[in-house]
Amino acid sequence: MRKIRSHYGTPEDFVAAIRQDSALEVFTTDGFEPGEEVLLELSFTGLPGKMMVRAIGQEWHAARPRLRVRAGGTVMCAGSEWRKVQFLKRVATGDIKLTARRRHVRLPVLVEVRWRRRNERDFKTAALSEISEGGSLLLTQDRPDVEDEVIIEITPPGSARPLEILAVVRNSQNDEGVGLEFMARDMGGVHRLREVIRRLVEQ
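What counts as what
- Residues numbered from 1 in each chain as written.
- Predicted model: local features only at pLDDT ≥ 70, side-chain atom pairs only at ≥ 80, totals over all residues.
- Heavy atoms only, no water.
- Helix = DSSP H or I, 4+ residues; strand = E, 2+ residues; numbered from the N terminus.
- Buried < 20%, exposed > 50% of the residue type's maximum accessible area, 1.4 Å probe, protein only.
- Pairing = 2+ DSSP bridges.
- Salt bridge = Lys/Arg side-chain N within 4 Å of Asp/Glu carboxyl O.
- Phe/Tyr/Trp six-rings, centres within 6.5 Å; stacked < 30°, edge-to-face > 60°.

1. A closer look at the environment of Asn119
Relative to the elements of secondary structure, Asn119 occurs in the loop between strand S6 (107–117) and strand S7 (124–131). When its relative accessible area of 70% is taken as the criterion, Asn119 is described as exposed. In this structure, the C-alpha to C-alpha distance between Asn119 and Glu149, residues 30 residues apart in sequence, is 8.3 Å.

Spelled out as structure tokens, the structure:
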């Protein structure tokens, strides 16, 4: 999956690029084909960081300097990806205030995992979303409490054995799950986590 970048000069420019039919106007010199799945890196002036969104290319055109038309086109987003766009819209309009910059950009994934509280033995089935080296969103109905330590068991694509990751619940403000911070205590753990993320994004 190719990554394309679209930066908007102002929050108002970003809001104006959002259409009602789950389409988003993007400005990028990275061409894409209709129907192509892309990883879209969205940013606008004043946004503390970037948002990664999966999208399907709809149409793209090259720049037309004489007509003052920038290179770009439109992409389609659906489901949780469209909710990310709507979240950014609320940030752009000032409904949500973001002040902290993430150390790691979170990438959009959806992968089945098993998890358990560190002091328990039985695993529960759930899913991970928006993963980075620093943490992830755990989508689960049986929500652990903030500051709970949990073990995440994930099987990377192409691997036969699962990898266990220690994490701490840092927030429970998302309606669909809880925010995790990964506790990679050594460089070996960081390297393994990076490889897992690479495989998940490229699968």
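2. Some details on the pairing of strand S11 (residues 177–182)
S11 sits mainly inside the fold: five of its six residues count as buried. As defined by bridge partners, strand S10 (residues 163–171) adjoins S11 across four bridges and the pair is classed as antiparallel. Within the sheet, the bridge partner assigned to Val168 lies in S11 and is Glu181. In this antiparallel pair of consecutive strands, S10 and S11, the connection spans five residues.

3. Re the pattern of salt bridges
Counted according to the given criterion, the structure contains 14 salt bridges. The closest approach of N and O atoms between Glu37 and Arg54, which form a salt bridge, is 3.5 Å. You can see Glu37 sitting in strand S3 (residues 37–44) and its partner Arg54 sitting in strand S4 (residues 51–61), a full 17 residues away along the chain. Relative accessible area serves as the criterion here: at 38%, Glu37 is assigned to the partly exposed category.

4. What to know about the packing of aromatic side chains
With the rule as written, the count across this model stands at three aromatic pairs. Between Tyr8 and Phe14, the aromatic rings sit 5.2 Å apart at their centres with planes inclined by 75°, giving edge-to-face as the arrangement. Each member of the pair, Tyr8 as well as Phe14, carries the same accessibility label: buried. When the ring of Tyr8 is compared with that of Phe27, the centres are 5.8 Å apart and the planes differ by 75°; the resulting orientation is edge-to-face. Taken as a pair, Tyr8 in strand S1 (residues 2–8) and Phe27 in strand S2 (residues 23–27) lie far apart in primary sequence, 19 residues in all.

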